[in-house]
Every structure is written in C-alpha cells, then in structure tokens.
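Residues per chain are reported as follows:
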Amino acid sequence: MTEEKKPEEKKKRKTATEAASKIGPMVKATIGGTVQAREEGKPIAYSFICCCYDEIIRAMDIVPVWTENYAGVCGAKRDAQRFLERAEAENFSRSLCTYALCGLGFDAWREELGEMPPEPPWGGQARPDMMLGSGQMLCDPRNKWYQAAQHYMPDIPVYDAGAPWPPYEDDYDYREVQDYYVKYIVEELKGLVKFLEKHTGRKMDWDRLSELVDLADRTWNLIWETYELRRAVPTPMGTGDAMNTMVPMVFMMGTQEAYDFYQELNDELKHKIANKEGVIPDEKYRLIWGGGLPSWFALSDFNYFNSKGAVFPVEVTYRMVEAIYHFDIDLSKITDPLEHIAWRWVKFWTYWYDKAKKRLGSHPDVERLIQYIEDYKIDGIVMHEAFSCRSWHVGLIWQLNLLKKVYKDIPSLILESDIVDISSYNEADTRARIDTFIDTLEAVKSQGR
Amino acid sequence: MSQYFAGIDLGSTMTKAVIMNQAVLASVIGPTGPEHRKLANRVMEEALTRAKLPFADITYVVATGYGRINVPFADKQITEISCHARGVSYLLPEVKTVIDIGGQDSKGIKLKDGRVVDFVMNDKCAAGTGRFLEVTAEGLGVKLDDMGKLALTAKNAVRISNTCTVFATQEVVSKLAEGMPLPDIIAGLHEAIAARVYSMVGRLKIEKEVALTGGGAKDIGLVKALETKLGYSVLVPPEPLLTGAIGAALLGKDIVKEAEKKGETLPRSERRLTEATFFT
C-alpha cells in the first residue's frame, strides 16, 4: 500500500549563512499557519509563485497556500512518492509536472478522507477557499493544475489571471507592443480583485495596496543589491543557500518580513565579506547554476561541490528580481497600483532583450548568463534537467550550446533528475559526474583557458 | 632503479589492470563481479605475476572506473573520464573526441592537448550502452561476441523503434518470429545504439579524429554503424578495454613525477594486497 510508505531518512544540509538556516523553520511555521488559518476561518487561496498578484492577496489579508512550495517541501523531506503514486493512480501521467502531481495526489487523498492524509509533512496542505492560477509562459501547470484540482474540490472557484509578456524577437522592439500587454494584465488583475472581493466579502483597500507595491519595489532593489554582494571573492553565499533565501522573495513578497529578512542577509554578507569569510576557505572554482530547478531532496549536492573546492556565487534560478532603478521607465511615476505591478512584470521579463539584440544570434537568457559569468568571475556552468518540468527546462541544452557559440567554450555539466521525484535520482552517478566536472575544470584552469 | 605504475579500472562489467614503466608491461581483463574489492586484489595479483614483479616494486597505484572506491590498495582514485582521456591521448595523440561505450554507461569526451575540456555521460538508461546489446543478444540467442560479424552480412538493417532495452528485446524477438533475417535485426540494433550514442555525444562539438573505446569498440558492427552516423572512420585502440587502466597508470606516473619535481612526499595507501570484502 502506498499509504504505508515512510520517507527516507535525510540529513540536514549545512548552510553557509545564518539567514539560510532560518528558512526551514520559517517555511514550517508558514505552512503550519495556513492550517491554523483554515481552522480560524480566514480566507485561504491556493497560489503560484511569480504570478504578479502577491501584493493583491496580501492587501486583502488572504492567506496564500503556495502549492509549488508544499510539493517542494514533500520532496525535500523525501516524502513525495506516496502523493505522486496517488496521482498516478488517479490516471495522471507520471511525466507531468511533479509539483502538480504531488499536489493533486495530496488533494485527492485529503478530499477522500475529509482530513489530512496520515503524517502529512509539516502539517499538510490546507483546503483552500479559492484557487488562483495564471496564464503565462512560465509554465503550463499554472493554468491547468487548479482546473484539475477542481475534480476533487468542485466547490472551490478558480481564477486565472493572465500575465503574458512580449516574446523576444531580434527584428522588432518589444516596446512597440508593451502597452497592449500592460493593458491586458491590468484588466486581468482588476478581474482578480473583483473575484477576491466576491468570494471573501471584503473590499480592496487601494491605499494599502499602493503601500505594499512600494514595499515590494524596495524589496526588489534590496534583494538585487544583496545578491550582488556575492560577487566577492571568496563568495559569502552559494546557490545552496540561495535555494533557501529565495523563500521570502517568491513566497513573502509585499510583506515587511521579507524586506527585513533581506536587510538581515545584506548585513550578514557584508560582515562576511569584511572578514573574508567565504562559503569555503579555499575557493578554487566559481560556478554558475545556469538553469533548472534543483532536486529538493538532494540539496546536499551543493555541499559536495563545496567539498571539491567549488562554489556557486550566482544562479539564474529563483533570482526573480531586477533592480527597479535599472528599468527604462520610472516606476515611481506610475501611481495606479495595478498598472505599476503590470509594468514591473513586463519590464522584468524583457530586461535582457536589448542586450541580446546587440550580440548577433544571441538570446536574452544567454545574455543573462554571459553577464553573470563576467560579473561573478565564473569558471564553469552547471544546469539541471528536471525531467518533469517541461516548459522551463526544455531549452537548457539549447541555451548552453548557444552560449558556447556566441560567447566562449566554458566547461559545463548537465545534471539529470527531477524536482520532487526521487526515483529519478542516483547519488553515486550524480557525484561521479561532479567529480569528472571538477577534473575538467582543473584541466581547463591548468591550460590557462 | 626502475619505477613501475599500476592502473586498475573497475568497470561495471569488466575489470582491467595494467602495469607500466616506459610501456605496458602486463595487462589483465576479467569480468567484474559483485565483490569489487576482492576482485581488484585478484586482478592486480594476476597482472603482477604476468609482469614478474612483486607488489612492493609498484611505485604508485591509481584506481578508476565506477568501482574505484573499492580498491583498498590504490594510492589515488581518479574519475574514468580523466583516465580515458589520458589513455587515449597516449595511444592515439591525434584524437580530439573520445566515444566510450561501456557495459552500463556511455560517454563522450572532448580533448585538448590530452586533457578533458568537456564531457557528456549517459548513466540513466541502458539504451546506448553495452547492456543494450548484451540483453538483446540473449533475447536472440546469439553470443555477444558474434554480433559484430553477423551484422556485417546484413542486407537491410531492420528499424528498431523501441529505445527501452526491455521493450527492444521483445521487439527483436517478434521480428525474428516474423521471419526477418537475424543479421538484419542485429544491424538494426547496432544502428539504434549508434543513434543514441551519436545524439548524446552530439552535445559536444564532435571533432576529428574520433576514437571509440570500451567494450562497444570490440563490436565491428557497432563500429561500422557509428562510422555511418559520423560520416567518417573512427580510430580504435589495439585493446579498447584498456584505455582507462592505461590512463590511470599514466596519471599515477604524472603525479609521482610532479611530486618529485617539487620535492614533495605523496600520501600513500596501506600498501598491502590483502583481500577485503564488503563485510569487513
């Protein structure tokens, strides 16, 4: 019986920063808080990260249940298999997004029992009052997952807030069409506010929303400045920690708690830099996590890299902000909060377009990699192909090949596994690949390439 | 006094050992069993017997291959990619790309001045590895060693559509039942494996000369199928199973020479060829 299966034992990962070590308890408290909110009758919404509605739900005191996060927690605790198997038994294909499968398996089980499945990780995923999807290019589960979840919760309404951005083409300027995108997103967000007002019986406090939008802007700038501190040699924080410190960025945006967290991290990194305190004492190779979500059950692989003298001062994954003051428009002049959110969204996703157009045959994602490689003095690139995340991982090899074509032949490593499904992972093989990659880095360094 | 270097490559299917000084003095190839540590000991003893040397005369031992951590008498463990690269560069200095088809994985290695600059590996799926041929040969009732020669007599290679080893075995058995000639089926299997390997190695920019190593290189049908895919001939070392072990011995020699140059003393393992098991 799948219900009987217990998670594998897993050791706690060693973090380099105090800030990162606080994230686990913080997430646990947040998840526990959603279960308590349910008991207290507070409105709860299933939510996705990176859907530009953070400040809206915060302004209306709606409690978000970040379903991707919960699946990641199940994966990190090596307790996702029973939920994946449950979804498979419901006829969902194993090749679908394993975040979605884990969530759907959990929902199906919880709805069948009328209570949480046995021993749910960190208290379980609370039943929502509404589900907030999003139609956008980041991934397809954003508008299909919650529709599928309605099979088990037909009484729970879904709203899909479309948030597209202009696609990259090298023969036109996206600014020709950006106004249409902003207008569309604003209409979608207005619809979202109406939906939330209808289902909560609350009215949007527009002044409060404006305050939270301003707070989010300041948080974006602070995160960008804090992460840029990692350029230091030795780097004070690696990607392993960044996979923790992303939590306030993507799950708590628009809260004072998130801002304070990054202020604290900023102070900690400055202190470490002043004391020349790196992730490891003798940094030999500086790597970029060039794409792909991590295997949440195998974050200790970052420690394994560290044990070989390798650090990750930078990553593209979960670096979901740019400095607002680098945008080509002055967002402070856009006082309507929904319009402000929409412009910030479009400017974030188009940020690297101009740079890509300046290099023949390049692409925004590749330009971002090149910029980071240069800024952070990077020796090699590591990517992770998570088999179940099709939309975000499918172009990684292409990006890598293009990078080598338009820029330089940098050593690279492709890891293959999944975000949640531990059956896709083999520690011995993964570490053999890492060992070989380290040999390659050493060989390239000794050749002075 | 002469210095002797030993390289031992514990692969998933075969274990190889060489003893070298200026050239290869002795080599041994034997099947890998479940007891790696016991086997490493025996293979090394056999290699020493052939070289007419006591173990005490070996200056440095390097172990490689997927079982490299199970060689208790090795002074150092080095990844198989680095060892293959060194071994191939020694045997065929003109080579820039190595394709290694082993028992349970396959690899592509890009070389520059004898050192690895990039690599790819398939260790997730038996398709594209020697295991694919081993399993399908069994399904066809053909000896693995005969597959290559039989494929050369094929008239029209049969298309094998299943990439999964288990389902491909069922497919070839059903094609045999349909009356398709055995050589054509085997040639189809070679084409299938060559296609898998070619697409994987294609992630690297394949540059001539290309060397083929590992057990796959001993199958002439597979060599021809891969050459057809590449559009040109590949180079095969005289004993393609030994490149990793030779590379290990040579890297050991490099390490010793480097240490001597710097006047350093190298950390060494306990130099006893005693038997060890998983249960000690």
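In the block above lies the structure referred to throughout.
Residues numbered from 1 in each chain as written. Chains lettered and ligands numbered in written order. Predicted model: local features only at pLDDT ≥ 70, side-chain atom pairs only at ≥ 80, totals over all residues. Heavy atoms only, no water.

Caption draft 1: Summary view of the overall build of chain B. Along its length, chain B carries 8 helices and 9 strands. Taking 280 residues into account, the globule formula puts the C-alpha radius of gyration at 19 Å, and chain B, at 20 Å, falls close to it. Principal-axis analysis of the C-alpha atoms places the extent of chain B at approximately 65 × 40 × 30 Å. Looking at chain B residue by residue over its 280 residues, the buried ones come to 55%. By sequence separation, contacts in chain B at least 24 residues apart represent 68% of the contacts at least 6 residues apart. Carbon and sulfur atoms make up 52% of the accessible area of chain B, which amounts to about 12400 Å² in all. (Helix = DSSP H or I, 4+ residues; strand = E, 2+ residues; numbered from the N terminus. Rg over C-alpha atoms; globule rule 2.2 N^0.38 Å. Buried < 20%, exposed > 50% of the residue type's maximum accessible area, 1.4 Å probe, protein only. Contact = heavy atoms within 4.5 Å. Areas by Shrake-Rupley, 256 points an atom, 1.4 Å probe, with all protein chains shown as cover.)

Caption draft 2: The sheet that holds strand 6 (residues 310-315) of chain A, seen in detail. Residues and elements named next belong to chain A. Across the sheet, 4 strands lie side by side as 6-5-7-8; this open sheet has parallel pairing. The two strands at the open ends of the sheet, each matched to only one other strand, are strand 6 and strand 8 (412-417). Adjacent strand axes in the sheet meet at a mean angle of 30° when their direction is disregarded. Pairing of strand 5 (residues 285-291) with strand 6 involves 4 bridges; the strand directions are parallel. (Pairing = 2+ DSSP bridges. Axes fitted to C-alpha atoms, helices over the stretch in contact; angles between N-to-C directions.)

Caption draft 3: Representation of the packing of aromatic side chains. This model, assessed by the stated rule, comprises 29 aromatic pairs over all chains. Ring centres 5.3 Å apart and planes at 70° place the aromatic pair Phe-48 of chain A and Trp-145 of chain A in the edge-to-face group. Here Trp-145 of chain A lies in helix 7 (residues 141-149) and Phe-48 of chain A lies in the loop between strand 1 (44-47) and helix 3 (54-59), a separation of 97 residues in the sequence. No difference in accessibility class separates Phe-48 of chain A from Trp-145 of chain A, as the two residues are buried. When the centroid spacing of 5.7 Å and the interplanar angle of 85° are considered together, the rings of Phe-55 of chain B and Phe-73 of chain B count as edge-to-face. (Phe/Tyr/Trp six-rings, centres within 6.5 Å; stacked < 30°, edge-to-face > 60°.)

Caption draft 4: Structural context of the pairing of strand 1 of chain A. All names here are of chain A. Residues Ile-44 and Tyr-46 of strand 1 are buried on one face, and the alternating residues Ala-45 and Ser-47, pointing to the opposite face, are buried as well. In this sheet, strand 2 (residues 63-66) lies alongside strand 1 in parallel orientation, the contact comprising 4 bridges. Paired with Ser-47 across the strands is Trp-66, a residue of strand 2. Between strand 1 and its parallel partner strand 2, the chain crosses via helix 3, and the hand of that crossover is right-handed. Alignment of strand 1 against strand 3 (residues 130-133), held across 3 bridges, turns out to be parallel. Directly across from Ser-47, in strand 3, lies its bridge partner Leu-132. (Right-handed = clockwise from strand over helix to strand, strands pointing away.)

Caption draft 5: Structural detail: the interface of chain B and chain A. Opposite the 18 residues of chain B that make contact, chain A presents 25 residues. Carbon and sulfur atoms supply 44% of the area buried between chain B and chain A, which totals about 1800 Å² over both sides. For the pair chain B and chain A, the number of links is 3 salt bridges. Across the salt bridge formed by Glu-385 of chain A and Arg-203 of chain B, the nearest N and O atoms sit 3.5 Å from each other. For the pair chain B and chain A, the number of links is 5 residue pairs in polar contact (both at pLDDT 80 or more). Those elements that place two or more of their residues in the side of chain B that touches chain A are helix 2 (80-91) and strand 8 (115-122) of chain B. By residue number, the principal contributor to the side of chain B that touches chain A is strand 8 of chain B, which donates 7 residues. Residue composition of the side of chain B that touches chain A, by class: 6 nonpolar, 3 polar and 9 charged. (Buried area = accessible area lost by both parts, 1.4 Å probe. Salt bridge = Lys/Arg side-chain N within 4 Å of Asp/Glu carboxyl O. Polar contact = N/O pair within 3.5 Å; in protein donor to acceptor, adjacent residues only side chain to side chain. Nonpolar A, V, L, I, M, F, W, Y, C, P; charged D, E, K, R; others polar.)

Caption draft 6: The arrangement of the sheet that holds strand 8 of chain B in detail. Residues and elements named next belong to chain B. Strand order in the open sheet made by the 4 strands is 8-7-6-9, with mixed pairing throughout. Looking along the sheet, the strands with just one partner apiece sit at the ends: strand 8 and strand 9 (210-213). Between one strand axis and the next, the sheet turns through 15° on average, direction left out of account. Looking at chain direction, strand 6 (residues 97-101) and strand 7 (residues 106-112) are connected through 5 bridges and run antiparallel. Bridge pairing links Thr-97 to Lys-110 in strand 7. Across the sheet, helix 2 is in contact with strand 6, strand 7, strand 8 and strand 9; its angle to strand 7 comes to roughly 55°.

Caption draft 7: Seen up close, the side chain of Thr-317 of chain A. Residue and element names in this part refer to chain A. Secondary-structure assignment places Thr-317 in the loop between strand 6 and helix 13 (337-349). In this structure Thr-317 comes out as buried when scored by relative accessible area, which is 1%. Within the structure, the side chain of Thr-317 is placed 2.8 Å from the backbone oxygen of Gly-292, a separation counted as a polar contact. Excluding residues that lie within four positions of it along the chain, Thr-317 makes contacts with Met-243, Trp-289, Gly-291, Gly-292, Leu-293, Pro-294 and Trp-392.

Caption draft 8: Focus on the nonpolar core. If you look at the biggest cluster of nonpolar residues, it comprises 145 residues, and the most contacted ones within it are Ile-56, Tyr-99, Leu-132 and Leu-196 of chain A. The element that contributes the greatest number of residues to this core is helix 9 (residues 206-228) of chain A, accounting for 9 residues. Setting aside anything within four residues of it in sequence, one finds Leu-132 of chain A in contact with Ala-45, Tyr-46, Ser-47, Phe-48, Tyr-53, Ile-57, Tyr-146, Tyr-159, Leu-192, Phe-195 and Leu-196 of chain A. With 34 residues, the next largest nonpolar core counts Ile-99, Ala-194, Val-197 and Val-210 of chain B among its residues. (Core = buried A, V, L, I, M, F, W, Y, C linked by side-chain atoms within 4.5 Å.)

Caption draft 9: Fine view of the packing of helix 6 (residues 98-113) of chain A against helix 7 of chain A. All names here are of chain A. Where helix 6 meets helix 7, the closest approach of the two axes is 10 Å, and the angle between their N-to-C directions is 15°. For the element pair helix 6 / helix 7, the angle class is roughly parallel. At the point where helix 6 passes helix 7, the crossing takes the right-handed sense. Residue-level inspection shows Tyr-99, Ala-100, Gly-103, Leu-104 and Asp-107 of helix 6 in contact with helix 7, the latter providing Trp-145, Ala-148 and Ala-149. (Parallel < 35°, antiparallel > 145°, perpendicular 65-115°, else oblique. Left-handed = near helix turned anticlockwise from the far one by under 90°.)

Caption draft 10: Focus on the pattern of salt bridges. All names here are of chain A. Scanning the model with the defined rule gives 52 salt bridges over all chains in all. Residue Glu-264 pairs with Lys-22 through a salt bridge whose shortest N-O separation is 2.2 Å. With a gap of 242 residues between them, Glu-264 in helix 11 (residues 256-274) and Lys-22 in the loop between helix 1 (18-21) and helix 2 (23-39) connect regions that are remote in the sequence. Residue classification places Lys-22 among the partly exposed positions, given a relative accessible area of 37%. Arg-344 is the salt-bridge partner of Glu-55, the closest N and O atoms lying 2.4 Å from each other. Taken together, the positions of Glu-55 in helix 3 and Arg-344 in helix 13 put the pair 289 residues apart, joining distant regions of the chain. Residue classification places Glu-55 among the buried residues on the basis of a relative accessible area of 2%. Where salt bridges share partners, they join Asp-107, Arg-110, Glu-111, Arg-127 and Asp-155 into one cluster.

Everything listed is a geometric property; what it means functionally is a separate question.
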